Amino acid sequence: MPAKEYVGLSQINGPLIFVEKPSDVGYNEVVEITIGDQKRLGQVVQISDQMAMIQVFEGTNGLTIDNTRVKFLGKPLMIKVSDEMLGRVFNGIGQPIDNGPEILMGDSRDINGSPINPVSRMYPRNFIQTGISAIDALMTLIRGQKLPIFSGNGLPHNRIAVQITKQAKLKGEEAGNFAIVFAAMGIKHDEANFVRESLEQSGAIKNTIMFLNLADDPAIERIATPRVALTAAEYLAFDKNLHVLVLLTDMTNYCEALRELASARGEVPSRKGYPGYLYSDLASIYERAGMIKERVGSITQIPILSMPNDDITHPIPDLTGYITEGQIVLNRDLNRRGIYPPIGVLQSLSRLMKDGIGKGYTRDDHPHISSQLFASYSRVQEVKALASIIGEEELTDSDKSYLRFGQAFENEFLKQDEDEDRSIEETLDLGWKLLGYLPKIELTRVSEKEINDHYKEIKET
Amino acid sequence: MNKTGDLYSINGPVVKAKKMTGFMMHEMVLVGNVKLTGEIISLEGDDATIQVYEETTGLKPGEPVAGTGNLLSVTLGPGLIGSTFDGIQRPLNVLKAQSGDFLERGVIADALDMKKSWDVQMSKIKDGDQVVGGQIIATVKETSSVIHKIMIPPNISGIARNVKSSGKYTIDTTLMTVKSGDGDHDIKLYQRWPVRIPRPYMERLAPKEPLVTGVRVIDTLFPISKGGTAAIPGGFGTGKTVVQHQLAKWADADVIIYIGCGERGNEMTEVLEEFPQLIDPRNGKPLMERTILIANTSNMPVSAREASIYTGITMAEYFRDMGYNVALMADSTSRWAEALREISGRLEEMPAEEGFPPYLASRIGDFYERAGRAKVMGDDQRIGSVSVIGAVSPPGGDFSEPVTTGTKRFIRCFWELDRQLANARHYPSINWLDSYSEYTVELKEWISKNVDENFYKMRDRFMQILTEDDNLQQIIKLVGEDVLPDNQKLIVRIANIIKVGYLQQDAFSDVDSNCPFNKQDEMLKIILNYYDRADKLVSKGVAISEVLDNDIVNAIMRMKENIPNDKIESFKELNEKIDAFFDQLDKKYQVTVEA
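Counting starts from 1 at the beginning of each chain's written sequence and moves along it residue by residue. Whichever chain is written first becomes A and whichever ligand is written first becomes 1, with later ones labelled in order. A pLDDT threshold of at least 70 governs which residues receive local features in this predicted model, and a stricter bar of 80 or more applies before side-chain atom pairs are shown or counted, although totals over entire chains, interfaces and linings include all residues. The basis for every side-chain value is the complete set of non-hydrogen atoms in the structure, without hydrogens or water.

1. Notes on the overall build of chain B
In DSSP terms, a helix is any run of H or I states spanning at least four residues, a strand is any run of E spanning at least two, and both are numbered starting from the N terminus. Scanning chain B from terminus to terminus reveals 17 helices and 26 strands. With the radius of gyration taken over C-alpha atoms, the globule rule is written as 2.2 Å times the number of residues to the power 0.38. Taken over C-alpha atoms, the radius of gyration comes to 28 Å for chain B, in line with the 25 Å a tight globule of 595 residues would show. Buried positions account for 61% of the 595 residues belonging to chain B. For chain B, the exposed area adds up to about 22,200 Å²; of that, 49% sits on carbon and sulfur atoms. For this count, His and the chain ends are skipped, Lys and Arg are scored as positive, and Asp and Glu as negative. Every charge is mapped to an atom, namely NZ of Lys, CZ of Arg, CG of Asp or CD of Glu. Taking the average location of the 69 positive side-chain charges in chain B and that of its 84 negative ones, the two points are 3 Å from each other. Working definition: with a 1.4 Å probe on protein chains only, accessible area under 20% of the residue-type maximum means buried, over 50% means exposed, and in between means partly exposed. Under the convention used here, a 1.4 Å probe and the Shrake-Rupley method define accessible areas, while residue burial counts only the protein chains that appear.

2. As for the pairing of strand β9 (residues 117-122) of chain B
Residues and elements named next belong to chain B. Judged by which residues are buried, β9 turns out to be one-sided: Trp118, Val120 and Met122 face inward and are buried, whereas Ser117, Asp119 and Gln121, on the alternate face, are not. For two strands to pair, DSSP has to find at least two bridges joining them. As paired elements, β9 and strand β14 (residues 167-170) share 4 bridges and run antiparallel to each other. Its bridge partner being in β14, Val120 is matched across the sheet by Gly167. Bridge analysis of β9 against strand β11 (residues 136-141) gives 3 bridges, and the strand direction is antiparallel. Bridge pairing links Gln121 to Thr139 in β11.

3. Some points on the interface of chain B and chain A
The contact criterion used throughout is that any non-hydrogen atoms of two residues lie within 4.5 Å. Counting residues at the interface gives 75 residues for chain B, matched by 77 residues for chain A. The term buried area refers to how much accessible surface (probe radius 1.4 Å) is lost by two components on association, counted for both of them together. Considering only the surface of chain B that becomes buried against chain A, B:Phe236, B:Arg264 and B:Arg425 emerge as the three largest contributors, covering 13% of it. Taking the shortest distance from any N to any O, the salt bridge between A:Arg125 and B:Glu273 comes out at 3.1 Å. Here a polar contact means two N or O atoms within 3.5 Å. Within protein one must be a hydrogen donor candidate and the other an acceptor candidate, and residues neighboring in sequence count only if both atoms are side-chain atoms. Between chain B and chain A we count 39 residue pairs in polar contact (both at pLDDT 80 or more) in total. In the sections that follow, a salt bridge refers to a side-chain nitrogen of Lys or Arg positioned within 4 Å of a carboxyl oxygen of Asp or Glu.

4. Digging into the sheet that holds strand β13 (residues 141-142) of chain A
A sheet is described by the order of its strands in space; here 3 strands give the open sequence β13-β12-β15 (chain A), paired in antiparallel fashion. The open sheet has two edge strands, β13 and β15 (169-170) of chain A, and neither has a second partner.

5. Focus: helix α6 (residues 278-286) of chain A
Counting buried residues along α6(A), 8 of its 9 residues qualify, which places the element largely inside the surrounding structure. Those residues of α6(A) not exposed but buried are A:Leu278, A:Tyr279, A:Ser280, A:Asp281, A:Leu282, A:Ala283, A:Ile285 and A:Tyr286.

6. Notes on the packing of helix α3 (residues 240-250) of chain B against helix α4 (residues 265-274) of chain B
Residues and elements named next belong to chain B. Axis separation between α3 and α4 bottoms out at 12 Å; the angle between their running directions is 25 degrees. When the axis of α3 is compared with that of α4, the two are roughly parallel. The way α3 lies across α4 gives a crossing that is right-handed. Residue-level inspection shows Thr241, His245 and Lys249 of α3 in contact with α4, the latter providing Glu267, Glu270, Val271 and Glu274. The angle between two axes is taken between their N-to-C directions and runs from 0 to 180 degrees, where each axis is a line fitted to C-alpha atoms and a helix contributes only its stretch in contact. Every angle not falling under 35 degrees, over 145, or within 65 to 115 is termed oblique; those three ranges are roughly parallel, roughly antiparallel and roughly perpendicular. For any pair of crossing helices, the crossing counts as left-handed if the nearer helix is rotated counterclockwise from the farther one by less than a right angle, and right-handed if it is rotated clockwise.

7. Some thoughts on the packing of aromatic side chains
Here a Phe, Tyr or Trp ring, Trp counted by its six-membered ring, pairs with any other such ring whose centre lies within 6.5 Å, and the pair is stacked when the planes are under 30 degrees apart, edge-to-face when over 60, and tilted otherwise. Under the defined criterion, the tally for this structure stands at 18 aromatic pairs over all chains. Between the aromatic rings of B:Tyr318 and B:Phe319, the centroid separation amounts to 5.5 Å while the plane-to-plane angle is 70 degrees, which identifies the pairing as edge-to-face. Clustering of aromatic rings is evident, with ring pairs tying together A:Tyr377, A:Phe405, A:Phe409 and A:Phe413. Put simply, a charge is over a ring when the Lys NZ or the Arg CZ is close to the ring centre, within 6 Å, and near the line of the ring normal, within 35 degrees. Positioned above the aromatic ring of A:Tyr402, the side-chain terminus of A:Arg379 is 5.8 Å from the ring centre. The ring of B:Tyr502 carries the charged tip of B:Arg216 above its face, separated from the ring centre by 5.5 Å.

8. Considerations on the nonpolar core
As a rule of thumb, soluble globular proteins bury nonpolar side chains together. Residue and element names in this part refer to chain B. Put simply, buried Ala, Val, Leu, Ile, Met, Phe, Trp, Tyr and Cys residues joined by side-chain atoms within 4.5 Å make one nonpolar core. Residues Trp415, Tyr530 and Val547 are the most contacted members of the largest nonpolar core, which totals 94 residues. If near-sequence neighbours (up to four positions away) are discounted, Trp415 is found in contact with Ile218, Phe222, Ile224, Ala230, Ala231, Ile232, Pro233, Leu247, Ile389, Ile430 and Ser435. Of all hydrophobic cores here, the second largest spans 72 residues; its members include Leu76, Ile152, Ile309 and Met315.

9. A short note on a negative patch on the surface
Patches were defined on residues exceeding 30% relative accessible area and lacking a salt bridge, with like-charge contacts within 9 Å and nonpolar side-chain contacts (Val, Leu, Ile, Met, Phe, Trp, Tyr) within 5 Å. A cluster of like negative charges, contributed by A:Glu392, A:Glu393, A:Glu394 and B:Asp482, occupies part of the molecular surface. Inspection of the secondary structure puts A:Glu393 in the loop between α9 (366-390) and α10 (397-414). Note on A:Glu393: relative accessible area 68%, which makes it exposed.

10. Side note on the confidence of the model for chain A
For chain A, mean pLDDT is 92; residues scoring 70 or higher make up 98% of the total. The weakest mean pLDDT in chain A belongs to β15(A) at 82; the strongest belongs to strand β14 (residues 149-151) of chain A at 97. Looking at any residue, its pLDDT shows the predictor's confidence there, from 0 to 100.

11. Some points on the side chain of A:Ser401
All names here are of chain A. By the element assignment, Ser401 lies in helix α10. Residue class for Ser401 comes out buried when judged on its relative accessible area of 3%. With residues near it in sequence (within four places) discarded, Ser401 still touches Tyr437, Leu438 and Pro439.

12. Quick look at the environment of A:Met122
Secondary-structure assignment places A:Met122 in strand β11 (residues 121-122). Since its relative accessible area comes to 28%, A:Met122 is described here as partly exposed. Linking A:Met122 and A:Cys255, residues 133 residues apart in sequence, is a C-alpha distance of 29 Å. Discounting chain neighbours no more than four positions away, the residues touching A:Met122 are A:Met291, A:Ile292, A:Lys293, B:Asn266, B:Thr269 and B:Glu273.

13. Overview of the sheet that holds β9(B)
All names here are of chain B. Strand order across the open sheet formed by 4 strands is β12-β11-β9-β14, with antiparallel pairing between neighbours. The sheet is open, and its two borders are formed by β12 (147-151) and β14, each paired with just one other strand. For this sheet, the mean angle separating the axes of adjacent strands, direction not counted, is 40 degrees.

14. Description of the confidence of the model for chain B
All names here are of chain B. Mean pLDDT for chain B: 93, with 99% of residues reaching 70 or above. Across chain B, the secondary-structure element scoring lowest on mean pLDDT is α4, at 88, and the one scoring highest is strand β23 (residues 372-375), at 97. The ipTM, which scores confidence in the relative placement of chains, is 0.88 for this predicted complex, and the corresponding pTM is 0.92.

Rendered as structure tokens:
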């Protein structure tokens, strides 16, 4: 089918261009824009018999009203997927930027994918050991889960993400079928280099596909980046039976690109100027994690977002939290005190851990001890608040034991080295050891049998 | 016979077509060459605006829009129970068989299995009998838990003709023909009903029976009636979905309709995997045999999300009309409201608060008012009910936003989920001070008669202790617990027992997940007995450390786990243990026990 080409635009407005009286053009169709000898890609975002509205991924810089040629390609934005993508680096819309060859062989896939039929999904239950105590014990990562890291500027989210990718292990299976898809949206060159170098050092780079849209790359391109990355991930997981870990960073930049586009389109804004469909849009990305019955592979997503001004009620972390299956929240106060990883455990949560831990998955006592650690650490915060008013001396003995527990919990349990890989058994034993700072009567979330098996009171010295 | 128009503009799920004169408002239409399902949402001159229930990628101006002549409707008949539908009642299993693990567009599927034959037991109606709308003409054992009653559609009455005898029939079979003033009507095993029109009933009744949920904080403190409405608002991670799942599992309703509206795909999978394994404590049958699921996950088309709520409530009313108690869970109504907002934005309507359309509150009101307990249509005075429990997901956990405030006006139970409690993993994280139920008054008589005449007295004492504890906690925050007098310290300790030993309930524990009313009653008695006896000693000047015996407190805290639902008599032993402990203390301090 010959593609239709139009010469001349009727309007250029921010990232949008308008073509008059298009014929036989479909909604969401991809277009090729030519100015001089330069080619760019765009997508139809609104269409009527009078006008086609097109967003230009690479930006509208240098386009002219009269000399721009627009070719409608008659299909949605597609990328070619194949095994050859592993070890390669692409830009935000899937074009190679590592001086390697184009991907010529392989299936063409629509980057928007299709929703997984809920009855085809398999409920994720397999525990992924990250080697990080706070995550493994308290917000366990499950294969097929989407578990974001809520971070802030200056917090070590990239180091944690890299540590997870290096250490992630499945119980009773070799790590060989792991692949990593890394999608960068508007992050700094230094951050991207750090991730790349770390993956090179660990040798994981050959099982990694990178899609990089950096801070100085066109903003609108970011809208396609996570979708391109997930299309590749779906291919690896559901066609090639790999367990794919997808890192998406930074979702805040993605949402801002979406807002820029929405305001250029003159849409009615919702909270903080973000479009009313931000929830549905984010869901169309996050819900592409999961497992499918009778297929071997899986997609586990770790999106990273920086909370503007550390505000967890900002629309981006807020809507993300409503879609993802929990969150890992980084805490600035812990970071300031030199505790790495600075995971604010009370605000963090893994919704899927309840079905992936305990008997047959990790260890029988896991559900109860994790609940106990949460409850006790939450009490620590209350005691600390009280101590800051009346002074530590005035506290009751039981409250004092909470302070000792809290300190040990932060310095021994949370804190670990960037290359320290703790097994789940080590992590749980450590948890029991620290509970020894508390008197037995305070342990209401664990069973009597578990107390007899594991609990050993630490006497004051 | 069906009309067609021409598409001329496409903007996401909202499309516009011309040459649409003669189409009906809310008519279901098929859009484009791929025949996507849509609904007309406005008509102006020759133009129509249509919301499309599927992804519109690739649609082009000039493609046809075909009418169906019907309002957007659901098919009601045997085969509903145990099924999983999308927002416009397409069965997801059939879609999977047709298009694989990923949802494709333009797939048309019958809502109910037209080929399956059912064992139909006809009633005594014979040729020439007068029948009225709502009358039961046959029954089908749909699952081991639900007898499906085939009814005359509510708007039809007349003389029965050509009545079939009992036998095996597919749902398309005409069981009888009803001759009425406006012609002959074939009565089949199924009927269709437009989703936006409430099904009629004879008379609204007061909601005087509780919907027993097995969740202590709800049944004891903030109960809901059969036919009642409740909202569960809470920020993300506070446990809305777990509470909804708990109610879907243990509520003593005959039929459960669970709408996953704009939520996670894995949550529907969880229900689908778990419910067939779980046993209904009332009849020993798998829970799936009384459950209908409607799934519009957050990545499925947004306009079908708007429809899913209506699809669900119409099914609920249909089972109510059979005389059943139906409980409908909608998780989450905020996603439905956001779908309204998105469509409204694309229509360029003037927005009200936070971009929501001005008609948001009235739509919420219309929806919740379809709940209720009623004498239903028919000839035999059947009573049925629809209870509606909607989750609300306020952005940023801010309860002053439009969906929460709009919902609060139309519901009578408010179960507020508390971020602080959730962070401490106190589940269910229903805040006991800010939540309320207006049904406590209406339910008092039933509970006094069927559970315990003192139940409400004990409940009120619980509330008093918790309120007083809240005041004391303010003081403790400032100066510490040590400065409180002993009797106030005791209140703090008892409140702690109530919070940890009673209100906290482990949804994933085999024993504690479901707590029947009689167990709740026994637990109340134990805690209050302990409090009364301890208080008597403390007020006589006995040191509080004497009455706070570790073993006794521990036994009370753990009774929810240690005493199973079928060993209620064990509470007596526990009570005797408490009495013995205090008898010995009384003796030691020579406090006389009053008779």
